[in-house]
Amino acid sequence: MLGLLSRFLIFAELPVGLRKPTVCIVDSDAAIRSALSALVSTLPVHVLLFSDAETLLSDLPGEELACVIAEVDLPGRSGIQLVEEMVRKGRRVPTILLTSDSDVPTAVSALQAGAVDFIEKPFRDQILIDSVHRAIEMDAKQRGEASRISDIRERLGQLTPREREVLDLVVSGLRNKAISAQLGITLSTVE
């Protein structure tokens, strides 16, 4: 029981607005979409279903989107092309690709495109659940890093031109005395 509890702690650690991440399932077969939805819904997530990549791309969920599960062989745009298009649009959503006809070149293409996992059907339920869990953890980590970068950029934007000049010299490796001499300011000003 403790192992099960620890597996889902990541959901409790997410920011309040993200406590129920969205998982999109893209498969042309309604029965498979329904079965995958039932399985993924055992996690504390919101599930959205799509029959093809174009529909998902035209109605791409907002910030709550944490994971996409897509069939490789979709009508129109393939699952691999879906991953490539989301990356092109700047939406690096952890994506799990499923296939019933696996080969090494397809798996390599999927991972090179940016998929985080490539699962061959039929699979045990726990394999997909574990993969979704890892994808959501990855998404939470990416969001945390993006938030830290945004915070740093905001703070850098608040520096005066002179403070920015000093910071650039500090980052380049100069010592305070050298910065003081180069800018013609006192050592205490640099500090």
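Thresholds applied
- Residues numbered from 1 in each chain as written.
- Predicted model: local features only at pLDDT ≥ 70, side-chain atom pairs only at ≥ 80, totals over all residues.
- Heavy atoms only, no water.
- Axes fitted to C-alpha atoms, helices over the stretch in contact; angles between N-to-C directions.
- Helix = DSSP H or I, 4+ residues; strand = E, 2+ residues; numbered from the N terminus.
- Parallel < 35°, antiparallel > 145°, perpendicular 65-115°, else oblique.
- Left-handed = near helix turned anticlockwise from the far one by under 90°.
- Contact = heavy atoms within 4.5 Å.
- Nonpolar A, V, L, I, M, F, W, Y, C, P; charged D, E, K, R; others polar.
- Salt bridge = Lys/Arg side-chain N within 4 Å of Asp/Glu carboxyl O.
- Buried < 20%, exposed > 50% of the residue type's maximum accessible area, 1.4 Å probe, protein only.
- Arc of directions from axis to C-beta.

Draft legend 1. Here's a closer look at the packing of helix 8 (residues 161-171) against helix 9 (residues 176-183). Helix 9 packs onto helix 8 with a crossing angle of 135° between their chain directions and a minimal axis gap of 10 Å. Relative to helix 9, helix 8 is oriented oblique. As for how helix 8 packs across helix 9, the hand of that crossing is right-handed. Facing Arg-162, Glu-165, Val-166, Leu-169 and Val-170 of helix 8, the residues of helix 9 in contact are Ile-179, Gln-182 and Leu-183. Residue composition of the contact of helix 8 with helix 9, by class: five nonpolar, one polar and two charged.

Draft legend 2. Seen up close, the pattern of salt bridges. Per the counting criterion, the structure on display carries eight salt bridges. Between Glu-71 and Lys-121 there is a salt bridge, and its shortest N-O distance comes to 2.5 Å. Here the residue Glu-71 occupies a position in strand 3 (residues 65-71), and Lys-121 occupies one in the loop between strand 5 (117-120) and helix 7 (125-157), the gap between them amounting to 50 residues. One exposure class covers both Glu-71 and Lys-121, and it is buried. For Arg-164, the salt bridge identified is with Asp-168, shortest N-O distance 3.2 Å. Here the residue Arg-164 and the residue Asp-168 both occupy positions in helix 8, the gap between them amounting to four residues, near one helical turn. The class for Arg-164 is partly exposed, based on a relative accessible area of 35%. Asp-168 sits in the partly exposed class, given a relative accessible area of 39%. Here the salt bridges do not stand alone but share partners, grouping Glu-54, Arg-77, Glu-85 and Arg-88 into one network.

Draft legend 3. A look at helix 6 (residues 104-113). The set of residues buried in helix 6 consists of Thr-106, Ala-107, Ala-110 and Ala-113. When helix 6 is viewed along its axis, its buried side chains cluster within an angular range of 130° and face the same direction. Residues Val-104, Pro-105 and Gln-112 are exposed on helix 6 and point more than 90 degrees away from its buried face. Buried residues in helix 6 make contact with helix 5 (79-88), strand 4 (95-99) and strand 5.

Purely geometric stuff here, so don't read any function into it on its own.
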